[in-house]
Amino acid sequence: ACAMDWQVLTRELSLYLESQVRVGLFGSGVGLSLVLGFGVAYACYYLSSIAKKPQLVASNDRFCRFLEEYCPVVTETYYPTIWCWEGRVQTLLRPFITSRPQVQYRNELIKTADGGQISLDWFDNSDSLYYPDASTRPTVLLLPGLTGTSKESYILHMIHQSEMLGYRCVVFNNRGIAGEDLLTPRTYCAANTEDLEAVIHHVHSLHPAAPFMAAGVSMGGMLLLNYLGKTGRDTPLMAAAIFSAGWNVFESVESLEKPLNWLLFNYYLTTCLQSSISRHRQMLEKLFDMDLVMKARTVREFDKQFTSVMFGYRTIDDYYEDASPCRKLKSVGIPVLCLNSVDDVFSPGHAIPVETAKQNANVALVLTSCGGHIGFLEGIWPRKCTYMDRVFKQFVQAMFEHGNKIFSM
């Protein structure tokens, strides 16, 4: 498909040049030569330096062979969109470029032990041709990013991919984020896995005979990794997929506080966090100085005044230490595939725990040179399927339909 896109681009460029460039008597052909020369040079640069196979990091040869056979996308060259391959650009443009598939949810509110409530959005896929029996229909639990909900385009695309395969999906919306009221003065964080544990237990209890996986994006991936590091093999999940997780929170916030990154991402993300709690102000101001929280201008300041205090950490460093999944990766006890781009400013390439991953036979890292944060755009006009979507689809299908072969290859 990528080769066809390149052929289409070349043909369209040639037709455009033929129709728009007039070669005259006084050397306007020099302009055409310059344009063609630049195009050839850019194409050579793109093919030699941008389009690359991802780095597959896994210590388990059987896991590697399994991925090569049933999830081949992780071994194929990734061709980023030729006009927006840089990480920041991919990160900024993805929400505006990618389509938003229509999904009809069934909402469920479940109670928590402390008196709170969690909003789950179900896509039951009742018309599944491959799995007509709801009791055994494979289920994928989806965890959105920091301020994300079931309405995020990347979540909708994952559900669309799952729908084609016949699977059921349920989206875990963090407390107070999806329109439901906060019943207690508590929201969520990347380190505390209590709500996720409750959701996993609830979903599994409803469909105990159904194969069960989870996929987390950004902070959702961090939360899922921290849960897996805590539970080891003691989980009803058979496998997990992680996308654009921040591995080391100290490195993530430091990267986001660089001037350009603060301007493009940090300040906006901070305002999103503030907006997500402002509608619950009456409940939260029982415990917090909300005026001080609303003055935060960075994610670090918000976490210092709000998140770390809410979950009882003595300092923000204590919270960030506990929230960093790199500390718990050795304890993961089920097959996990983690996709990151090394140009992701939210999760810098140097902070990805490559050596730690090599010490756990259950973990495989897929590292692309481009892709940004939840970007991974590909094709000339990347409206639909991204590289991340393809990795998700192939890995989930591989685990549900061939997962028993991992340990026999």
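Before reading on, note that the structure itself is shown above.
Residues numbered from 1 in each chain as written. Predicted model: local features only at pLDDT ≥ 70, side-chain atom pairs only at ≥ 80, totals over all residues. Heavy atoms only, no water.

Peer 1: Hey, could you run me through the packing of aromatic side chains in this one?
Peer 2: In this description, a pair of aromatic rings is defined by centroid distance and the angle of the planes. Per the stated rule, a full pass over the model turns up 16 aromatic pairs. Judged by centre distance (5.9 Å) and plane angle (85°), the rings of Phe-250 and Tyr-320 are edge-to-face. Of this pair, Phe-250 sits in helix H8 (residues 249–256) while Tyr-320 sits in helix H13 (residues 316–323), and the two are 70 residues apart along the sequence. Aromatic pair Phe-376 and Tyr-387: ring centres 6.4 Å apart, planes at 35°, arrangement tilted. Of this pair, Phe-376 sits in the loop between strand E9 (363–368) and helix H15 (387–402) while Tyr-387 sits in helix H15, and the two are 11 residues apart along the sequence. As far as the burial class goes, Phe-376 and Tyr-387 line up, both buried. The structure contains a cluster of three or more aromatic residues connected by ring pairs, namely Phe-250, Tyr-313, Tyr-319 and Tyr-320. (Phe/Tyr/Trp six-rings, centres within 6.5 Å; stacked < 30°, edge-to-face > 60°. Helix = DSSP H or I, 4+ residues; strand = E, 2+ residues; numbered from the N terminus. Buried < 20%, exposed > 50% of the residue type's maximum accessible area, 1.4 Å probe, protein only.)

Peer 1: Please explain the side chain of Arg-168 as it appears in this structure.
Peer 2: The topology assignment puts Arg-168 in strand E5 (residues 168–173). Despite its burial, Arg-168 remains without a salt bridge, the nearest opposite charge being carried by Asp-124 at 5.5 Å. Engagement of the side chain of Arg-168 in a polar contact is seen with the backbone oxygen of Ala-134, the distance being 2.9 Å. For Arg-168, the side chain forms a polar contact with the main-chain oxygen of Arg-137, separated by 2.8 Å. Ignoring anything within four residues of it in the chain, the contact list for Arg-168 reads Trp-122, Phe-123, Asp-124, Asn-125, Ala-134, Arg-137, Pro-138, Thr-139, Val-140, His-207 and Ala-210. (Lys, Arg positive; Asp, Glu negative; His and termini not counted. Salt bridge = Lys/Arg side-chain N within 4 Å of Asp/Glu carboxyl O. Polar contact = N/O pair within 3.5 Å; in protein donor to acceptor, adjacent residues only side chain to side chain. Contact = heavy atoms within 4.5 Å.)

Peer 1: How should the layout of surface pockets be read in this particular structure?
Peer 2: Empty space among the atoms becomes visible once a probe the size of a water molecule is rolled across them. Approximately 1,100 Å³ is the volume attributed to the largest pocket. For the largest pocket, the lining is made up of 45 residues, of which Leu-146, Thr-147, Ser-218, Leu-269 and Phe-346 are closest to its centre. Examining the composition of the lining of the largest pocket, we find that 8 residues originate from one element, helix H9 (residues 259–278), more than from any other. When its residues are assigned to classes, the lining of the largest pocket shows 28 nonpolar, 13 polar and 4 charged. (1 Å grid on protein atoms, 1.4 Å probe; cavity = no way out; pocket = protein on both sides within 12 Å on 5 of 7 lines; lining within 4 Å. Points joined across faces, edges and corners; volume = space filled by probe spheres on them. Nonpolar A, V, L, I, M, F, W, Y, C, P; charged D, E, K, R; others polar.)

Peer 1: Mind showing me how you'd approach the packing of helix H6 (residues 194–206) against helix H7 (residues 219–231) here?
Peer 2: The angle between the axes and the distance between the axes are what describe a pair of packed helices. Packing of H6 against H7 leaves a shortest axis separation of 10 Å and a crossing angle of 80°. Classified by the interaxial angle, the pair formed by H6 and H7 is roughly perpendicular. Residues Leu-196, Glu-197 and Ile-200 of H6 touch H7, and the partners they reach there are Leu-223, Leu-224, Tyr-227 and Lys-230. (Axes fitted to C-alpha atoms, helices over the stretch in contact; angles between N-to-C directions. Parallel < 35°, antiparallel > 145°, perpendicular 65-115°, else oblique.)

Peer 1: Mind showing me how you'd approach H6 here?
Peer 2: Given 3.6 residues per turn, any residue in an α-helix points the same way as the ones three and four places further on. In this model, H6 (13 residues) spans 19 Å end to end at C-alpha, consistent with the 18 Å of a helix rising 1.5 Å per residue. Taken as a whole, H6 has its buried residues at Asp-195, Leu-196, Val-199, Ile-200, His-202 and Val-203. Taken around the axis of H6, the buried residues stretch over an arc of 165°, which confines them to a single face. Where H6 is buried, its residues meet strand E2 (106–111), strand E3 (117–123), strand E4 (139–143), E5, strand E6 (212–217) and H7. (Expected span 1.5 Å × (residues − 1). Arc of directions from axis to C-beta.)

Peer 1: So what exactly am I meant to see when it comes to the side chain of Asn-362 here?
Peer 2: Inspection of the secondary structure assignment puts Asn-362 in the loop between helix H14 (354–357) and E9. With residues up to four places along the chain from it excluded, the contact list for Asn-362 reads Phe-63, Val-332, Gly-333, Ile-334, Pro-335 and Val-336.

Peer 1: Would you mind showing me how to read the pairing of E4 here?
Peer 2: It is a general feature of regular strands that their side chains alternate between the two faces of the sheet. Most of E4 sits out of view: 5 of its 5 residues are buried. The alternating pattern of E4 places Thr-139, Leu-141 and Leu-143 on one face and Val-140 and Leu-142 on the opposite face, and all of these are buried. Looking at chain direction, E4 and E5 are connected through 4 bridges and run parallel. Note that in E5 the partner of Val-140 across the bridge is Cys-169. Between E4 and its parallel partner E5, the chain crosses via helix H5 (residues 153–165), and the hand of that crossover is right-handed. (Pairing = 2+ DSSP bridges. Right-handed = clockwise from strand over helix to strand, strands pointing away.)

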